[in-house]
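The primary structure of each chain is shown beneath.
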Amino acid sequence: MTTPVGGWPPLSPGERAVAIEVLVHGPLSRSEIARRLHLSAGSLTRLTKPLIESGLLIESAEDSVPPEVRQGRPSQPLAVVAESRYFAGFKITGDMVYGVVTTLRSDIVARQDRPLTTHEPGQVADLLREMTQEFARAFPRLAGIGIGVGGRAEKRAVVAESAFLGWSDVPLAQLVEERTGLPVVVENDVAALIEAEAWFGAGRGLDRFVVLTIGAGIGYGLVLGGRRVASAEDGRGMGRHWPVNPQGPLTPDGDRGSAVSLLTIPSIRYQLRAATGRDMSYEEILAGAAAGDPMASRVVDEAARALGTLVAQIANFAMPQKILLAGEGVGLVAVAGSLVEETVLAGRHPQADPVRLETKVSDFHDWARGAAVLAIQVLVLGSTEA
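What counts, and at which threshold
- Residues numbered from 1 in each chain as written.
- Predicted model: local features only at pLDDT ≥ 70, side-chain atom pairs only at ≥ 80, totals over all residues.
- Heavy atoms only, no water.
- Pairing = 2+ DSSP bridges.
- Helix = DSSP H or I, 4+ residues; strand = E, 2+ residues; numbered from the N terminus.
- Axes fitted to C-alpha atoms, helices over the stretch in contact; angles between N-to-C directions.
- Parallel < 35°, antiparallel > 145°, perpendicular 65-115°, else oblique.
- Left-handed = near helix turned anticlockwise from the far one by under 90°.
- Contact = heavy atoms within 4.5 Å.
- Nonpolar A, V, L, I, M, F, W, Y, C, P; charged D, E, K, R; others polar.
- Buried < 20%, exposed > 50% of the residue type's maximum accessible area, 1.4 Å probe, protein only.
- Right-handed = clockwise from strand over helix to strand, strands pointing away.

Trainee: Help me out: how do you make sense of the sheet that holds strand β12 (residues 218-224) in this one?
Mentor: Across a sheet, paired strands are connected by hydrogen bonds in the backbone, their directions being either parallel or antiparallel. Across the sheet, which stays open at both edges, the five strands sit in the order β13-β12-β11-β14-β15 with mixed pairing between neighbours. Strand pairing shows two members of the sheet lacking a second neighbour, β13 (227-228) and β15 (357-359), which therefore form its edges. Both strand β11 (residues 208-214) and β12 contribute to a ladder of seven bridges, which runs antiparallel. Along β12, the bridge assignment pairs Phe 209 with Val 223.

Here it is, written out as structure tokens:
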């Protein structure tokens, strides 16, 4: 188990549950915390005492309980001091490193991006050190680092496999810890994004929640009971073998008609290049489809139908309360959203509940924020879930 940072002692399971409830939903009164966690007043007092003594929780002047439902002597609610510690989060792509600093409640307070000119692990770690040092000059209470990588991570320390970087069994956490002196958590980038959205974003408070990402690849994650369902398949590129149209195109990546071959940005660009000989950016293809260009429209419409099929399949089997669509490819919905919606409806029972699909227009700083949230979970709260 990773030892928490910032002078805070390791937390017991009960203390961790209280700390998470306040961190994610606070400030909260003691009575509200006890109700949410099914604790007696005495048990709550026992659990909160060390959290207050260590400075992780404080008594706040802000009261979350309406006066009309407050009973007995008023008490100050418990809260975290968001600025008591800061965390760096990094998202590594094939050609860039995106960095952020967040508070303890995941609010981004600084950003920094650097081009990635080499994939040699030691030099990548050197770049992360330089970025961390620059962050630390502005935020001396920097307490830990989270790193998100497209690929498979093991023990939240080693990049076991990353096609984007050409890495295999790279001990990235150790390399960065040796250079920065700070504790480091490494995780699959989609898993990190899911954790951030489940705790502080679109999935907060939901029991069943899905994140679907489209961009350079396809990412999928499921939250049940408020917790991300971890799997040995995380980071293995499951979209390559997820069929959405058996008669669909064959591209260099993914099976014929798979989610990857129809929906990813590289595959969409490949289809246009194969059909027209023109090398167009993703944004140019979307703009062409919006303007009525026949070939761009055909490819974008196929992608929209593939996305609608994928969303319908997820809704049918996972039955989530919400599906969050994120990633650098979500501009597809702005151009062909009606076709996506039409395809979702065609793939669902006529009397099924409407799919609650939320589209998040974001950039890689959101992915970096997800890595920082992982650092908060592991380094502060001592979470061992992977």
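Trainee: Help me out: how do you make sense of the packing of helix α9 (residues 282-290) against helix α11 (residues 331-346) in this one?
Mentor: The relative placement of two packed helices comes down to the angle between their axes together with the axis-to-axis distance. Viewed as axis vectors pointing N to C, α9 and α11 meet at an angle of 20 degrees, and their least axial separation amounts to 10 Å. What the angle tells us is that α9 and α11 run roughly parallel. Where α9 crosses over α11, the two elements pack in a sense that is left-handed. The residues of α11 that touch α9, namely those facing Tyr 282, Leu 286, Ala 289 and Ala 290, are Gly 331, Leu 332 and Val 335. Each residue belonging to the contact of α9 with α11 can be placed in one class, and the counts come to six nonpolar, one polar and no charged.

Trainee: Quick question: what am I supposed to make of the pairing of strand β4 (residues 96-102) here?
Mentor: In summary, the side chains of a regular strand alternate between the two faces of the sheet. Burial of β4 is extensive: six of the seven residues sit out of reach of the surface. The sheet contact formed by strand β3 (residues 86-92) and β4 spans six bridges and is antiparallel. Following the sheet pairing, Ile 92 is matched in β4 by Val 97. Pairing geometry for β4 and strand β5 (residues 108-115), over seven bridges, is antiparallel. Bridging from a neighbouring strand, Gly 99 pairs with Gln 112 of β5. What sits between the antiparallel neighbours β4 and β5 is a turn of five residues, in which Ser 106 has the positive phi angle 75 degrees.

Trainee: Which parts of the structure should I look at to understand the pairing of strand β14 (residues 322-326)?
Mentor: Summarising burial for β14: five of the five residues are buried, a large majority. Neither face of β14 is left uncovered, since the one carrying Lys 322, Leu 324 and Ala 326 and the one carrying Ile 323 and Leu 325 both have all their residues buried. Sheet analysis places β11 next to β14, joined by five bridges and oriented parallel. Among the inter-strand pairings, Thr 213 is bridged to a residue of β14, identified as Ala 326. For β14 and β15, the ladder comprises three bridges, and the chain directions are parallel. Among the inter-strand pairings, Leu 325 is bridged to a residue of β15, identified as Thr 359. For the crossover from β14 across α11 to β15, the handedness is right-handed.

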